[in-house]
Amino acid sequence: MAEILTSKAIWNEAGKAGIALGGTVIGCSLISSLVGQIDGGTMVKFFISVFGFLIWAAKFGGCIWLMSFFMKKLAADYEEVTNHDTYRLGVASALLSALIVAGFTLASVMFITPETYLETFQAAMAQSVPMLDSNSQEVFDSLIDNLPVIMFVSNLLYCFIYGWILSFILSRNIPSSNPFAK
């Protein structure tokens, strides 16, 4: 017999979904960064870029599938689940997974590979500096100090908005409704 859905149950299911979604994104990001460190010639770089695209596609499709899976699981496990309930699950899952991914990004920027982010930022700055005035250069210099916060907030917003839109799209058909029923 299926249970009655409560707010606590939605957050419990969202926690599981958030961990699965966040783990998928982090796992794919780690694989992509490890493969990206392989040195080689032109063909090796080509295969690395193709593999990077395949990892990105797996991450993109995997997140969609996981969100759909957890929404369908909610509809199967609880009585009288509505489209609004699956939408609430999706938004809560998006928030929790976004926090996990943004937290990993913050740890990566601050502790795991800070030199990689610093080198990338400095390379971008080196290309832009000749076109900037002194005030703009000072702003760029101050951005280096705030890079972990900027990366955390931007990842949090990006992941949450992506999950929010995804949950909006998927929840419209989960659970499927009969338009001819009363």
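Above: the structure in question.
A. Geometry of the packing of helix α3 (residues 83-112) against helix α6 (residues 147-171). Two numbers describe how α3 lies on α6: the axes approach to 7 Å, and their chain directions differ by 160 degrees. Between α3 and α6, the crossing angle belongs to the class labelled roughly antiparallel. Both α3 and α6 take part in a crossing whose hand is right-handed. Looking at side-chain class alone, the contact of α3 with α6 contains 20 nonpolar, nine polar and no charged residues.

B. How the structure looks around the side chain of Asp85. Along the chain, the position of Asp85 falls in helix α3. Asp85 gets classed as buried once you look at its relative accessible area, which sits at 12%. Setting aside chain neighbours within four positions, we find Asp85 in contact with Leu5, Ile10, Leu74 and Glu80.

C. Highlighting the environment of Phe152. Inspection of the secondary structure puts Phe152 in helix α6. Assessed through its relative accessible area of 23%, Phe152 is described here as partly exposed. The sequence separation of Phe152 and Leu95 amounts to 57 residues, and the corresponding C-alpha distance is 13 Å. Ignoring anything within four residues of it in the chain, the contact list for Phe152 reads Ala102, Gly103 and Leu106.

D. Examining helix α2 (residues 42-77) more closely. With 36 residues, α2 ought to run about 52 Å at 1.5 Å a step, and its terminal C-alpha atoms sit 51 Å apart, in line with that. Listed in full, the buried residues belonging to α2 are Ile48, Ile55, Gly62, Cys63, Leu66, Met67, Ser68, Phe70, Met71 and Leu74. Here the buried face of α2 lies against α1 (7-36), β2 (78-79), α3 and α6.

E. Summary view of the environment of Asn155. With respect to the helices, strands and loops of the structure, Asn155 is situated in helix α6. Taking the C-alpha atoms as reference points, Asn155 and Phe104, 51 residues apart in sequence, are found 9.8 Å from one another. Those residues in contact with Asn155 that lie beyond four places of it in its chain are Ala102 and Thr105.

F. A look at the side chain of Ser108. Position of Ser108 among the secondary structure elements: in helix α3. Not counting chain neighbours up to four residues away, the residues in contact with Ser108 comprise Thr113, Pro114 and Tyr117.

G. Representation of the pattern of salt bridges within the structure. Enumeration according to the criterion identifies four salt bridges in this entry. Residue Asp77 pairs with Lys73 through a salt bridge whose shortest N-O separation is 3.0 Å. Of this pair, Asp77 and Lys73 are both found in helix α2, four residues apart, which corresponds to roughly one turn of the helix. Members of the salt-bridge network, linked through shared partners, are Glu13, Lys16, Lys73 and Asp77.

H. Highlighting the packing of aromatic side chains. Per the stated rule, a full pass over the model turns up seven aromatic pairs. A centroid spacing of 5.6 Å and a plane angle of 65 degrees characterise the contact between Phe46 and Phe47, whose relative ring orientation is edge-to-face. Residue classification places Phe46 among the partly exposed positions, given a relative accessible area of 45%. Assessed through its relative accessible area of 51%, Phe47 is described here as exposed.

Rules used throughout
- Residues numbered from 1 in each chain as written.
- Predicted model: local features only at pLDDT ≥ 70, side-chain atom pairs only at ≥ 80, totals over all residues.
- Heavy atoms only, no water.
- Axes fitted to C-alpha atoms, helices over the stretch in contact; angles between N-to-C directions.
- Helix = DSSP H or I, 4+ residues; strand = E, 2+ residues; numbered from the N terminus.
- Parallel < 35°, antiparallel > 145°, perpendicular 65-115°, else oblique.
- Left-handed = near helix turned anticlockwise from the far one by under 90°.
- Nonpolar A, V, L, I, M, F, W, Y, C, P; charged D, E, K, R; others polar.
- Buried < 20%, exposed > 50% of the residue type's maximum accessible area, 1.4 Å probe, protein only.
- Contact = heavy atoms within 4.5 Å.
- Expected span 1.5 Å × (residues − 1).
- Salt bridge = Lys/Arg side-chain N within 4 Å of Asp/Glu carboxyl O.
- Phe/Tyr/Trp six-rings, centres within 6.5 Å; stacked < 30°, edge-to-face > 60°.

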